[in-house]
Amino acid sequence: MTSLIIVILRKFDRNREALLRRPCRRILDCRDASMNKPKAPSWRHHYVPKFHLNGFTKADGELYVFDKELNRLKPRSVSPTSHFFEPHRNTVTHPGIDPDVVERYYGQYDSTVAGVFQRLREDPPPVVDLRIIQDLKCYISVLFWRLPESDKYLDGILPKLGFDKLGIRLVHPETREEMKWPEFEQIVLRDPDFRKGIRFLSVPLATFDLFVQQYDAVNWGLYRAPPGMSGNPHICSDNPIVFERLADAFEFKCHMAFPANSDCLVFYSPIGKRPDRLDQDVRLDLDCVLFRQAHRYVCGPDGSYLESLAKLCAAEGAALTIEQQKERLFKRFRELSEAYPAPSS
C-alpha cells in the first residue's frame, strides 16, 4: 500500500497542468522542486515565512518575541529565523521521495511572493492593482493552510473535497483509464505525507475563491501608520491574519486584515466601501486581536510595545471576548468607511 501512495504523491507534479486551470496559476508556478538533490534534509520549517517576519524587525534585522505560554518577553531580540517554525513540519518520510520536496515548493513560492511584499513596503505605497490583489488572495489562502492552527480543519475538509475537487485522478498504470477506488482514496487522504503535499499544492485552490474581478480594486486598501504612531509599530504572530468570520473568509465575504509590516496594514472589505484613513482605535484593536488569537508567539520591533499589549489584552479579556473585540474592530472600520470614504477609483 505504501508504494501506491508514493505513486499518488509523484502524480502531483505530473498533474500540475490540470491544477493550473484553476484561478491561481502562481501557486504552482515553479519547477519540480525534487530535481535538485539536497545536501542534507532541512528541519526548520517556517509556517510564517521568513520574508513576512522580516517586515517586523528592527534596523539590525532582529525582532522581539513575546511568549504567551510563559507570559513574558524574551530577554533579548532574536533573528526572525529562530521562531515561527516546527521541526520537520513539511518533511516527507516515504522511502524513495525527496524528504525536502514540499519544503522547497514553499521556498520557491516564498521567493516569488516576497517581491510583492517588498512593493507593499515602498514609500509611498503602490496602487493596489488587480495583480497585487491576485497575489494577496493567493498568499492568504496558502498562509492559512500553512499554519499549525489550521491543521484541525483538514480532518473535516479533505473527505468533503476528495480527489475530484483536489484536482487528482487515479489512472490505471496499463490502460491509462481513470479509476474510482473510494476505499483507497480515503486511505490516501489520511496519509500524513500526502497531507503535507496537498496542503500546499491543492487545498488552497480548492477551498478559497481566488478569482479576481474588476470591482475587487475598491475592496482592498493599504494603510500606512501616521507619524504619531512611530512608537507603536504593528506586530506579527503565529496566527497573523484576522478574519471577521472564518466561515465567510474562504469566499472573501467578510472583512479581513493583517499587517504587511510594522507600519503598513492590509484591509479587505467585501462591501465595496473602505475608508481613506484609519484611526488609532482601529490600529490598536487589530494589534490586540492579533495578540489574543496568537497560539504562542507574538513579535515586533518594539519589545516595550509588546509588553504593553500583553497588559492591555489581559484587561480587555476580562471585559470582551476575542469575537466581541473583532466585532468592535470591523464595526469601527465600517463607520470610518462612511465618514471618510476612499475614492472609488
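Residues numbered from 1 in each chain as written. Predicted model: local features only at pLDDT ≥ 70, side-chain atom pairs only at ≥ 80, totals over all residues. Heavy atoms only, no water.

A word on the overall build of the protein chain
Right, so step 1: In terms of regular secondary structure, the protein chain is built from 13 helices and 12 strands.
Right, so step 2: The buried share of the protein chain, taken over its 345 residues, is 52%.
Right, so step 3: Taking all contacts inside the protein chain whose residues are at least 6 apart in sequence as the whole, residues at least 24 apart take part in 79%.
Right, so step 4: Counting every atom, the protein chain has about 16400 Å² of accessible surface; 51% of that belongs to carbon and sulfur. (Helix = DSSP H or I, 4+ residues; strand = E, 2+ residues; numbered from the N terminus. Buried < 20%, exposed > 50% of the residue type's maximum accessible area, 1.4 Å probe, protein only. Contact = heavy atoms within 4.5 Å. Areas by Shrake-Rupley, 256 points an atom, 1.4 Å probe, with all protein chains shown as cover.)

As for the sheet that holds strand β3 (residues 72-73)
The pairing of strands in a sheet happens through backbone hydrogen bonds and is either parallel or antiparallel.
Right, so step 1: Here four strands make up an open sheet; going across it, the order is β3-β2-β12-β8 and the pairing antiparallel. Only two strands of the sheet have a single partner each, and these edge strands are β3 and β8 (236-237).
Right, so step 2: As defined by bridge partners, strand β2 (residues 64-67) adjoins strand β12 (residues 297-300) across four bridges and the pair is classed as antiparallel. Paired with V65 across the two strands is C299, which belongs to β12.
Right, so step 3: Here helix α12 (residues 303-319) sits on the sheet in contact with β2, β3 and β12, set at roughly 20° to β2. (Pairing = 2+ DSSP bridges. Axes fitted to C-alpha atoms, helices over the stretch in contact; angles between N-to-C directions.)

Structural notes on the pairing of β2
Right, so step 1: Sheet analysis places β2 next to β3, joined by two bridges and oriented antiparallel. Bridge assignment links F66 to a residue of β3, and that residue is L73.
Right, so step 2: Remark: four residues form the turn of the hairpin made by β2 and β3, two consecutive strands paired antiparallel; N71 in that turn has positive phi of roughly 55°.

Considerations on the packing of aromatic side chains
Right, so step 1: According to the stated counting rule, one finds 26 aromatic pairs in the structure shown.
Right, so step 2: Geometrically, the ring pair formed by F163 and F194 is tilted, given 6.1 Å between the ring centres and 35° between the ring planes. Taken as a pair, F163 in helix α6 (residues 151-166) and F194 in helix α8 (residues 192-201) lie far apart in primary sequence, 31 residues in all. Both residues of the pair, F163 and F194, count as buried.
Right, so step 3: Between the aromatic rings of Y223 and F267, the centroid separation amounts to 6.0 Å while the plane-to-plane angle is 85°, which identifies the pairing as edge-to-face. Taken as a pair, Y223 in strand β7 (residues 220-224) and F267 in strand β11 (residues 264-268) lie far apart in primary sequence, 44 residues in all.
Right, so step 4: A relative accessible area of 4% places Y223 in the buried class.
Right, so step 5: For F267, a relative accessible area of 1% corresponds to the buried category.
Right, so step 6: Grouping aromatic residues by their ring pairs yields a cluster made of F144, W145, Y153, F208, W220, F243, F250, F252 and Y268.
Right, so step 7: In this structure, K137 is placed above the aromatic ring of F252, and the distance from its NZ or CZ to the ring centre is 4.7 Å. (Phe/Tyr/Trp six-rings, centres within 6.5 Å; stacked < 30°, edge-to-face > 60°. Lys NZ or Arg CZ within 6 Å of the ring centre and 35° of its normal.)

Notes on the sheet that holds strand β9 (residues 242-243)
Right, so step 1: Read from one edge to the other, the open sheet built from four strands follows the order β7-β11-β10-β9, with strand pairing classed as antiparallel. Edge positions in the open sheet fall to β7 and β9, since each of these has one partner strand only.
Right, so step 2: Bridging between β9 and strand β10 (residues 256-261) involves two bridges; their strand directions are antiparallel. Paired with V242 across the two strands is A257, which belongs to β10.
Right, so step 3: Along the sheet, helix α4 (residues 101-120) contacts β7, β10 and β11; its crossing angle with β10, the most-contacted strand, is approximately 85°.

Details of the packing of helix α11 (residues 280-293) against helix α13 (residues 322-339)
When two helices pack together, their arrangement is given by the angle between the helix axes and by the axis-to-axis distance.
Right, so step 1: At a closest axis distance of 10 Å, the pairing of α11 and α13 adopts a crossing angle of 155°. Judged by the inter-axis angle, α11 sits roughly antiparallel to α13. When you trace α11 past α13, the crossing you get is left-handed. Facing α11, whose interface residues are V282, D285, L286, C288, V289, R292 and Q293, α13 presents I322, Q325, K326, R328, L329, R332, F333 and L336.
Right, so step 2: Here the contact of α11 with α13 is built from residues that sort into eight nonpolar, two polar and five charged. (Parallel < 35°, antiparallel > 145°, perpendicular 65-115°, else oblique. Left-handed = near helix turned anticlockwise from the far one by under 90°. Nonpolar A, V, L, I, M, F, W, Y, C, P; charged D, E, K, R; others polar.)

Things to note about the confidence of the model for the protein chain
Right, so step 1: Scored by pLDDT, the protein chain has a mean of 87; 86% of the residues are at 70 or more.
Right, so step 2: Taken as a whole, residues 1-35 scores under 50 in pLDDT and shows 84 contacts with residues more than four places along the chain or in a different chain. (pLDDT = per-residue confidence, 0-100.)

Brief notes about unusual backbone geometry
Right, so step 1: Phi at N71 is positive, roughly 55°, even though this residue is not glycine.
Right, so step 2: Among the structural elements, N71 can be located in the loop between β2 and β3.
Right, so step 3: The backbone of F252 sits at a positive phi, close to 55°, despite the residue not being glycine.
Right, so step 4: With relative accessibility at 4%, the residue F252 sits in the buried group.

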